[in-house]
Amino acid sequence: ISAELRRAQEEWEAVEEIQSGLGGTLAAAAPPISFNEALQYFQTADLSECRKKVQVTVRRQGLAALVHFLFGPPRLQPQLQGERELALAMAQCGLDDNESVHMRILQTIYKKLTRSRLGCLRYGAHWEELGFQGADPGTDLRGTGMLGLMQMLYFVMDSQTLPLAQEIFKLSQHETQARFFQPSLIMLLLLQNFPFCIMSVNITRIVIQALREERLSRECNRRQQVIAVLNDLYAAAFLQLYRVWKWQHKTIADSGFLLKELELSTKKKPKQLLKSLEAYVNRSPAADGLQQPSPPSGGGEEINFTGVCDLQVELEGEARLI
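Residues numbered from 1 in each chain as written. Predicted model: local features only at pLDDT ≥ 70, side-chain atom pairs only at ≥ 80, totals over all residues. Heavy atoms only, no water.

You'll find the protein entered in an unreviewed UniProt entry as ELMD3 protein, with Anhinga anhinga given as the organism.

Following this line, the structure appears as structure tokens:
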């Protein structure tokens, strides 16, 4: 059999496998979905059950409540409350196999990250290759729900952030080798790879917490937007993590500490992160990622990446990934 015929046969077998997924339909036939189309779906969908689970702000009592009232960030303007509630409701909405929009979001993320024209099966090891923990991405979304997938969708569908998303995904699968010349000539592998989608979910979780603590109210009021601010802050936080991870040669053992650092930056310096993202998309000298970031602050003990990103934050529902 010629090499060309063998390739054609392999491609056909791959198509037949795809046809058995997603209710027996060809996954590749489902067109990619834009972020705006997906958002319009959630704006009109019945999310009443999800809204019942939403805790809009963090509860404060006693002195903490007084200090927050006197010196805390400004309140979100009334006309923006509905958009914030929508974002938090999406974070309570689980992945539903029966919702075609949910499935299109999942397939679009897969195609954009892998640069594949073909779709993939709903369940399978290919999701682990993207950085989920197992064969079912839905089990990794507790605490972020569909908002976690929506922010990934924004990341890969926006023309300005897609190159960044693909570069981070490439780094997440990267391996570097270093030789340590010892009498036994042992070679150690220093792996810079990390689970892309799990990291993304943790960043979404940080952004949600910043919203609930009203750390983003000033920026939301200025722009008269909530979800757009959340998306930009998500991308800015991912950019910051990417630069530190790449230039400081971080590995999976550093991830817990880096996520804690990122959480502090997201809550205390959101405007600075957003300016960094603006510089990146405008291709200023700081945007090409060639400038090495300053070392992270704090000299505390590192928090190891135990299994998956075990970020401790207070959120509606399950607060951490299993």
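Account for the overall build of the protein, with residues named and values stated.
Counting its regular elements, the protein contains 14 helices and 2 strands. Relative to its full complement of 322 residues, the protein shows a buried share of 46%. Considering only residue pairs separated by 6 or more positions, the protein has 75% of its internal contacts joining residues 24 or more positions apart. Here the protein displays about 16700 Å² of accessible surface, and carbon together with sulfur accounts for 52% of that area. (Helix = DSSP H or I, 4+ residues; strand = E, 2+ residues; numbered from the N terminus. Buried < 20%, exposed > 50% of the residue type's maximum accessible area, 1.4 Å probe, protein only. Contact = heavy atoms within 4.5 Å. Areas by Shrake-Rupley, 256 points an atom, 1.4 Å probe, with all protein chains shown as cover.)

Quick one: what's the story with the layout of surface pockets, residue by residue and with numbers?
When its volume is computed, the second largest pocket comes out at roughly 300 Å³. Every residue lining the second largest pocket is counted, 15 residues in all, and those nearest its centre are R223, D232, L274, L277 and E278. Of all the secondary-structure elements, those providing two or more residues to the lining of the second largest pocket are helix 11 (217–223) and helix 14 (270–281). It is helix 14 that provides the largest number of residues to the lining of the second largest pocket, a total of 6 residues. The residue makeup of the lining of the second largest pocket, split by class, is 4 nonpolar, 3 polar and 8 charged. (1 Å grid on protein atoms, 1.4 Å probe; cavity = no way out; pocket = protein on both sides within 12 Å on 5 of 7 lines; lining within 4 Å. Points joined across faces, edges and corners; volume = space filled by probe spheres on them. Nonpolar A, V, L, I, M, F, W, Y, C, P; charged D, E, K, R; others polar.)

Lay out the pattern of salt bridges with the relevant residues and their values.
Note that side chains of opposite charge can pair when their charged atoms are close. This structure, assessed with the given rule, holds 10 salt bridges. One salt bridge connects E37 with R104, and the closest N-O pair in it is separated by 3.0 Å. You can see E37 sitting in helix 2 (residues 35–44) and its partner R104 sitting in helix 6 (residues 100–114), a full 67 residues away along the chain. Among the salt bridges present, the one from E263 reaches K260, with a minimum N-O distance of 3.9 Å. Taken together, the residues span about one helical turn, with E263 and K260 both in helix 13 (residues 255–268) at a distance of 3 residues. On the basis of relative accessible area, E263 is assigned to the buried category, the value being 10%. (Salt bridge = Lys/Arg side-chain N within 4 Å of Asp/Glu carboxyl O.)

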